[in-house]
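Fold and contact review
Now for the letters of each chain:
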There are 2 protein chains.
Amino acid sequence: MNYPSIPPFDLDAANNARTRQNQLTKPPGSLGRLEEISIRLAGMKADPCPSVSSKAVIVMAADHGIASEGVSAFPAEVTKQMVMNFLRGGAAVNVLARQAGASLTIVDIGVASDFDPSLSGLLHRKVAHGTLNMARGPAMTRTEGEKAIVVGMDVLAGAAENGLDLIATGDMGIGNTTPSSAIAAVLTGLPVAAVTGRGTGLTDAGLAHKVKVIERAIALNKPDPKDAMDVLCKVGGLEIAGLAGVMIAAAARRIPVVVDGFISTAAAMIAVGLVPDVRNYLFGSHESVEIGHRVMHKHLGLTPLINLNLRLGEGTGAVLTFHLIEAASRIIREMATFAEAGVREQG
Amino acid sequence: MNYPSIPPFDLDAANNARTRQNQLTKPPGSLGRLEEISIRLAGMKADPCPSVSSKAVIVMAADHGIASEGVSAFPAEVTKQMVMNFLRGGAAVNVLARQAGASLTIVDIGVASDFDPSLSGLLHRKVAHGTLNMARGPAMTRTEGEKAIVVGMDVLAGAAENGLDLIATGDMGIGNTTPSSAIAAVLTGLPVAAVTGRGTGLTDAGLAHKVKVIERAIALNKPDPKDAMDVLCKVGGLEIAGLAGVMIAAAARRIPVVVDGFISTAAAMIAVGLVPDVRNYLFGSHESVEIGHRVMHKHLGLTPLINLNLRLGEGTGAVLTFHLIEAASRIIREMATFAEAGVREQG
């Protein structure tokens, strides 16, 4: 499979942004991580004064064969019901995308049940009716995994057609913390129990069962940690593949990607596994309650911006942090310098 | 001095908000601190579905006699220069208030130099030309302290005239981390060194000197930790007094207050010392780089929402978190319930 080439992070633009931050009317460094964000944005966008105006959230929905093993507190039919909720504007990500002034794209990349093909507002890009049960064999074929990545790249291309400055990734899929934990365990080499949490709300017994199911899936499929596509297809998911495609296509266009929670970060690990330079275009957004999330961030070298004990997914944590990234951009674009304002510098 | 009475936190409204959070289309608790914020907002505003539309930032500017002891990396004249920068819209708080859609009020409550009385956009409420040097005697008289609190209450009343849902407090005053550390040390009983940081950027030697100056001021003035007004007048500042007044007057009107960084949190300690129930109307916003800030939050029982290594003041950290508080309000007002959306609940 051919991936687009990723442009280099622009060090000159980043250095110019750093210089400008030190000229603005504030003690140098006093805006902390907002300053860092502006410098990273500058390098990503190859613009020392980067703007963030056009924003989008892309939510990929899919089902998981593994859900039949009882790894989620919610029944699988909720995936479709939540997609309908997204289309009517009633879910958390709808509310937060509206607040952020971001467009919201919902993609059926692999929901088990069918949607009316005339249903508007939904991108009908189903690759399969959910994955297979990875506790009994590979979740999907290599062809399906590649197809789902291409769907993600297409969707990003469509969203970027009229200009796009920032993107958030989101997921919907009952059972999808299970493949995400499997991906984290395989790619970090950590024990499954160290990267597996309660998802939407498992009991202690439910959590112990989930760990065993994941261990069985890994033992059976033997995914190769050096081959991200193998890991994705054997123990991943269709929405995870799609989100990886979104990230790769965004990085190819210098569009910064704000990675949401546990599932999106699993997708980021796959994307970076497939195309390492994608890493330069990622922002961590929030630290989830899911215990594996911290390990994933460490693996990717990302430091999330907020920790509000979120564990919803859908892109909610990512879209919440658009505000901070936009603030960083506005600071560097709109603040006066010491010279402009006639303010004496430190000394 | 007479303070307004503070209405009780509305437990019924808070409980109704909690019930509603558990009916919304998401796993219960999955929006973490956003859910908590909405519940606190409901109790503060006595409204189970509280809205946040009208927002304001109030910045109090004043000078400090203690600055002559060389406790800041910046010269005192910068206070006035930064006020002019605020009026021209070039400072960080201007940028972030614009982004938040919040009004910004700048108050001269005690800047050492004079402003042209016809200067528009500035509230001319100077109580004194800065405080006196607290290393040689009390920073201000009790009359001045009370006058400054009344200024703060007046300013809040003016800002609230046409309705106000949320307020952020901000400060400007070269040298003002010094009285803030003094207040923290006196009211918590901790050693000065444990609550004193580098402010706008002191060296190691500068920091050691600052600690000694504060220790001397406390030893000389002997502020009574049980008398917040005594602490305020002996080792506080005029902008700190004004901000305490803002907080008291806001709480009296059920207007939630988002407390900014180190100086604003010192003001919150004074406000709560004077009128304990003000505490129910405060949100912590960010955890500053200043080492004493964590102790202050603990003293007040507040958990800040973000930690972005900020140390600027001006209200910047507080106004950044308006977005999160507004998100909490929108979630509870705009999300669909399981019943409305036809989504199956957990089970």
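Residues numbered from 1 in each chain as written. Chains lettered and ligands numbered in written order. Predicted model: local features only at pLDDT ≥ 70, side-chain atom pairs only at ≥ 80, totals over all residues. Heavy atoms only, no water.

Along chain A, the regular secondary structure elements total 13 helices and six strands. Taking 2.2 N^0.38 as the reference for a compact globule, 347 residues should give roughly 20 Å; the C-alpha atoms of chain A span a radius of gyration of 20 Å, in line with that estimate. Among the 347 residues that make up chain A, the fraction classed as buried is 64%. Partitioning the contacts of chain A with sequence separation of at least 6, the portion at a separation of at least 24 is 76%. Taken as a whole, chain A presents about 11,600 Å² of accessible surface, with 51% of it coming from carbon and sulfur. When the 31 basic and 32 acidic side-chain charges of chain A are each reduced to a single mean position, those positions are 3 Å apart. (Helix = DSSP H or I, 4+ residues; strand = E, 2+ residues; numbered from the N terminus. Rg over C-alpha atoms; globule rule 2.2 N^0.38 Å. Buried < 20%, exposed > 50% of the residue type's maximum accessible area, 1.4 Å probe, protein only. Contact = heavy atoms within 4.5 Å. Areas by Shrake-Rupley, 256 points an atom, 1.4 Å probe, with all protein chains shown as cover. Lys, Arg positive; Asp, Glu negative; His and termini not counted. Charge placed at Lys NZ, Arg CZ, Asp CG, Glu CD.)

Right, let's talk about the domain arrangement of chain A for a bit. Residues and elements named next belong to chain A. Under the domain assignment, chain A is made up of domain 1 (11-50 + 331-341) and domain 2 (55-326). Domain 1 and domain 2 are separated by 32 Å when their C-alpha centres are compared. The interface of domain 1 with domain 2 comprises nine residues on the first partner and 15 residues on the second. At the boundary of domain 1 with domain 2, total buried surface from both sides reaches about 1,000 Å², with 57% on carbon and sulfur atoms. (Domains from an automatic or database assignment. Buried area = accessible area lost by both parts, 1.4 Å probe.)

Our focus in this paragraph is unusual backbone geometry. Residue and element names in this part refer to chain B. A positive phi angle is found at Arg-254, which is not glycine, with a value near 60°. Even without being a glycine, Asn-309 presents a positive backbone phi close to 60°. Positionally, Asn-309 belongs in the loop between helix 11 (292-300) and helix 12 (316-334). Since its relative accessible area comes to 36%, Asn-309 is described here as partly exposed.

The next subject is the interface of chain B and chain A. In this assembly, 54 residues from chain B lie in contact with 54 residues from chain A. Across the chain B to chain A interface the summed buried area is about 4,800 Å²; carbon plus sulfur atoms make up 62%. In terms of surface lost to chain A, no three residues of chain B exceed Gln-99, Leu-308 and His-323 of chain B, which account for 14% of the buried area on that side. For the pair chain B and chain A, the interface holds four salt bridges. With a shortest N-O distance of 2.9 Å, Arg-98 of chain B and Glu-334 of chain A are connected by a salt bridge. Put simply, chain B and chain A have 21 residue pairs in polar contact (both at pLDDT 80 or more) between them. The greatest single-element share of the side of chain B that touches chain A, amounting to nine residues, is contributed by helix 12 of chain B. Of the residues belonging to the side of chain B that touches chain A, the class tally is 27 nonpolar, 16 polar and 11 charged. (Salt bridge = Lys/Arg side-chain N within 4 Å of Asp/Glu carboxyl O. Polar contact = N/O pair within 3.5 Å; in protein donor to acceptor, adjacent residues only side chain to side chain. Nonpolar A, V, L, I, M, F, W, Y, C, P; charged D, E, K, R; others polar.)

Before going further, it helps to examine the sheet that holds strand 3 (residues 122-124) of chain B. All names here are of chain B. Here we have six strands laid out as an open sheet, ordered 3-2-1-4-5-6, and parallel in their pairing. Of all strands in the sheet, those with a lone pairing partner are strand 3 and strand 6 (282-284), marking the two edges. The average angle at which neighbouring strand axes cross in this sheet is 30°, direction not considered. Bridge analysis of strand 1 (residues 55-62) against strand 2 (residues 103-110) gives seven bridges, and the strand direction is parallel. By the bridge assignment for strand 2, Val-59 is matched with Ile-106. (Pairing = 2+ DSSP bridges. Axes fitted to C-alpha atoms, helices over the stretch in contact; angles between N-to-C directions.)

Helix length check: helix 5 (residues 142-159) of chain A (18 residues) gives 26 Å between terminal C-alpha atoms against 26 Å at 1.5 Å per residue, within 8%. Regarding helix 5 of chain A, the residues found buried are Gly-145, Ala-148, Ile-149, Val-151, Gly-152, Met-153, Val-155 and Leu-156 of chain A. (Expected span 1.5 Å × (residues − 1).)

Residues and elements named next belong to chain B. The buried fraction of strand 1 amounts to eight of the eight residues, a majority that puts the element mostly inside the structure. Alternating positions in strand 1 separate into two faces, Lys-55, Val-57, Val-59 and Ala-61 on one and Ala-56, Ile-58, Met-60 and Ala-62 on the other, with burial throughout. Both strand 1 and strand 4 (residues 166-172) contribute to a ladder of seven bridges, which runs parallel. If you follow Ala-61 over to strand 4, its bridge partner there is Met-172.

Residues and elements named next belong to chain A. Contact geometry for helix 5 and helix 9 (residues 238-252): axes closest at 7 Å, N-to-C directions at 45°. Between helix 5 and helix 9, the crossing angle belongs to the class labelled oblique. Pair helix 5 / helix 9 crosses with right-handed handedness. Counted together, Glu-144, Gly-145, Ala-148, Ile-149, Gly-152, Met-153 and Leu-156 of helix 5 and Leu-238, Ala-241, Gly-242, Gly-245, Val-246, Ile-248, Ala-249 and Ala-250 of helix 9 form the full contact between these two elements. Among the residues making up the contact of helix 5 with helix 9, the classes are represented as 10 nonpolar, four polar and one charged. (Parallel < 35°, antiparallel > 145°, perpendicular 65-115°, else oblique. Left-handed = near helix turned anticlockwise from the far one by under 90°.)

Moving on to the layout of surface pockets. What the largest pocket holds in volume is close to 200 Å³. When contributions to the lining of the largest pocket are tallied by element, the ones reaching two or more residues are helix 4 (92-100) and helix 12 (316-334) of chain A together with helix 4 (92-100) and helix 12 of chain B. Broken down by element, the lining of the largest pocket gets its largest block of residues, five residues, from helix 12 of chain A. Of the residues assigned to the lining of the largest pocket, the class counts are four nonpolar, four polar and six charged. (1 Å grid on protein atoms, 1.4 Å probe; cavity = no way out; pocket = protein on both sides within 12 Å on 5 of 7 lines; lining within 4 Å. Points joined across faces, edges and corners; volume = space filled by probe spheres on them.)

Below, the discussion takes up the sheet that holds strand 4 (residues 166-172) of chain A. Whenever strands of a sheet pair, they do so through backbone hydrogen bonds, lying parallel or antiparallel. Residues and elements named next belong to chain A. Across the sheet, six strands lie side by side as 3-2-1-4-5-6; this open sheet has parallel pairing. The open sheet is flanked by strand 3 (122-124) and strand 6 (282-284), the only strands paired with a single partner. On average, each strand axis in the sheet is tilted by 30° relative to the strand beside it, whichever way the strands run.

Turning our eyes to something else, we now look at the relation of the copies chain B and chain A. Of the transformation placing chain B onto chain A, the axial shift is 0.0 Å and the rotation is 180°, giving an RMSD of 0.0 Å. Read as a symmetry element, the transformation amounts to a two-fold axis. Within chain B, Ile-306 of chain B has its C-alpha nearest the rotation axis, a separation of 3.0 Å. Take the interface residues of chain B: 100% of them recur as interface residues in chain A, which is what a same-surface contact looks like. (Least-squares fit on C-alpha atoms with pLDDT ≥ 70 in both.)

What follows deals with the packing of aromatic side chains. Tallied over the full model, the rule gives two aromatic pairs over all chains. When the centroid spacing of 6.5 Å and the interplanar angle of 20° are considered together, the rings of Phe-74 of chain A and Phe-338 of chain B count as stacked. Taken together, the residues span two chains, with Phe-74 of chain A in the loop between strand 1 (55-62) and helix 3 (78-88) and Phe-338 of chain B in helix 13 (residues 338-341). Of note, Arg-40 of chain A hangs over the ring of Phe-283 of chain A, and the distance from its end group to the ring centre comes to 5.0 Å. The positively charged end of Lys-80 of chain B is found above the aromatic ring belonging to Phe-115 of chain B, 5.4 Å away from the centroid. (Phe/Tyr/Trp six-rings, centres within 6.5 Å; stacked < 30°, edge-to-face > 60°. Lys NZ or Arg CZ within 6 Å of the ring centre and 35° of its normal.)

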